[in-house]
Amino acid sequence: MSGDASPAYLRFAGAPSSGTPLCRLGELPPDGAKGFTFGEDVNRFEMFVIWREGELRGYVNDCPHAHTTLDYLPDRFFSLDKSHLLCGTHGALFQVGNGLCVAGPCKGKRLTPVPVRLDGDMIRIG
Ligand code: FES
């Protein structure tokens, strides 16, 4: 008997399927982080991607503390010094590379990763 290997983000209502296009790499803002919203109401799904030092990452835009979105302004996901991801609601800080909360009310919890990939210059859910 094998375990269910479905990515954790698929537990979220409205999560788009693998292969869904997000945007072209050149459309990311200078910070290299951009949010995306799919669906509405109970099927609303929010996520963001980060392009940094040649690596692409994606996370569900859902803080593990109070389940608000992280960005305090549209597409603003980084702390002021750009060293961490920041939840603007209560100030939790997350490591960019693995989504681990290292400071704030949800320390030790993690953002939920969304697999993303480059298809030419198009960023897709992977
Ligand atoms: S909701 Fe993110 S730190 Fe509280």
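So, how was this worked out
Residues numbered from 1 in each chain as written. Predicted model: local features only at pLDDT ≥ 70, side-chain atom pairs only at ≥ 80, totals over all residues. Heavy atoms only, no water. Pairing = 2+ DSSP bridges. Helix = DSSP H or I, 4+ residues; strand = E, 2+ residues; numbered from the N terminus. Axes fitted to C-alpha atoms, helices over the stretch in contact; angles between N-to-C directions. Salt bridge = Lys/Arg side-chain N within 4 Å of Asp/Glu carboxyl O. Buried < 20%, exposed > 50% of the residue type's maximum accessible area, 1.4 Å probe, protein only. Phe/Tyr/Trp six-rings, centres within 6.5 Å; stacked < 30°, edge-to-face > 60°. Contact = heavy atoms within 4.5 Å. Core = buried A, V, L, I, M, F, W, Y, C linked by side-chain atoms within 4.5 Å.

Asker: Explain the sheet that holds strand β9 (residues 122–125) here, please?
Answerer: Two orientations exist for strands paired in a sheet by backbone hydrogen bonds: parallel and antiparallel. Here three strands make up an open sheet; going across it, the order is β1-β9-β8 and the pairing antiparallel. Here the strands that pair on one side only, and so sit at the sheet edges, are β1 (21–24) and β8 (116–119). Ignoring strand direction, the axes of neighbouring strands in this sheet form an average angle of 30 degrees. Two elements, β1 and β9, share three bridges in a ladder whose sense is antiparallel.

Asker: I tried to follow the pattern of salt bridges on my own but got confused; where do I start?
Answerer: Side chains that differ in charge, positive against negative, can pair when their charged atoms come close. Going through the model one piece at a time under the given rule, you end up with five salt bridges. Its salt-bridge partner being R44, residue E46 comes within 3.0 Å of it at the nearest N-O pair. The class of E46 is partly exposed, set by a relative accessible area of 21%. Overall, R44 belongs to the partly exposed group, its relative accessible area being 46%.

Asker: When you look at the pairing of β9 in this model, what are you seeing that I'm missing?
Answerer: Residues in a regular strand point their side chains to alternate faces of the sheet. In terms of strand pairing, β8 meets β9 through four bridges, oriented antiparallel. Residue R117 lies in a different strand from β9, and its bridge partner there is R124.

Asker: Even after reading the chapter, I still don't get the packing of aromatic side chains, so can you show me in this structure?
Answerer: A ring pair, where both rings are aromatic, is described by two values, the distance of the centres and the angle of the planes. As enumerated under the stated definition, the model contains four aromatic pairs in all. Aromatic side chains Y9 and F45 sit 6.3 Å apart centroid to centroid with 55 degrees between the ring planes, which places their arrangement in the tilted category. Linking Y9 in the segment before β1 with F45 in strand β3 (residues 45–52), this pair joins segments that are 36 residues apart in sequence. Just as Y9 is buried, F45 falls in that class too. Judged by centre distance (6.4 Å) and plane angle (70 degrees), the rings of F12 and F45 are edge-to-face. You can see F12 sitting in the segment before β1 and its partner F45 sitting in strand β3, a full 33 residues away along the chain. Here the aromatic residues Y9, F12 and F45 are joined through ring pairs into a cluster of three or more.

Asker: Explain the environment of N43 to me, please; I cannot follow it from the model alone.
Answerer: Tracing the backbone shows N43 in the loop between β2 (33–38) and β3. On the basis of relative accessibility, which here comes to 44%, the residue N43 falls in the partly exposed class. It is 5.1 Å that separates the C-alpha atoms of N43 and A13, two residues lying 30 residues apart in sequence. Those residues in contact with N43, other than ones at most four positions away along the chain, are A13, G14 and F38.

Asker: Hey, could you run me through the nonpolar core in this one?
Answerer: A general trend in soluble globular proteins is that nonpolar side chains are found buried together. Counting 16 residues, the largest nonpolar core has F48, I50, L70, L85, F94 and L111 as the members making the most contacts within it. In contact with L85, not counting residues within four places along its chain, are F48, I50, Y59, F77, F78, A92, L93, F94, Q95, V96 and L111. Counting residues in each nonpolar core, the second largest holds 15 residues, with C23, L28, V60 and I125 among its members.

Purely spatial values, then, with no claim about function.
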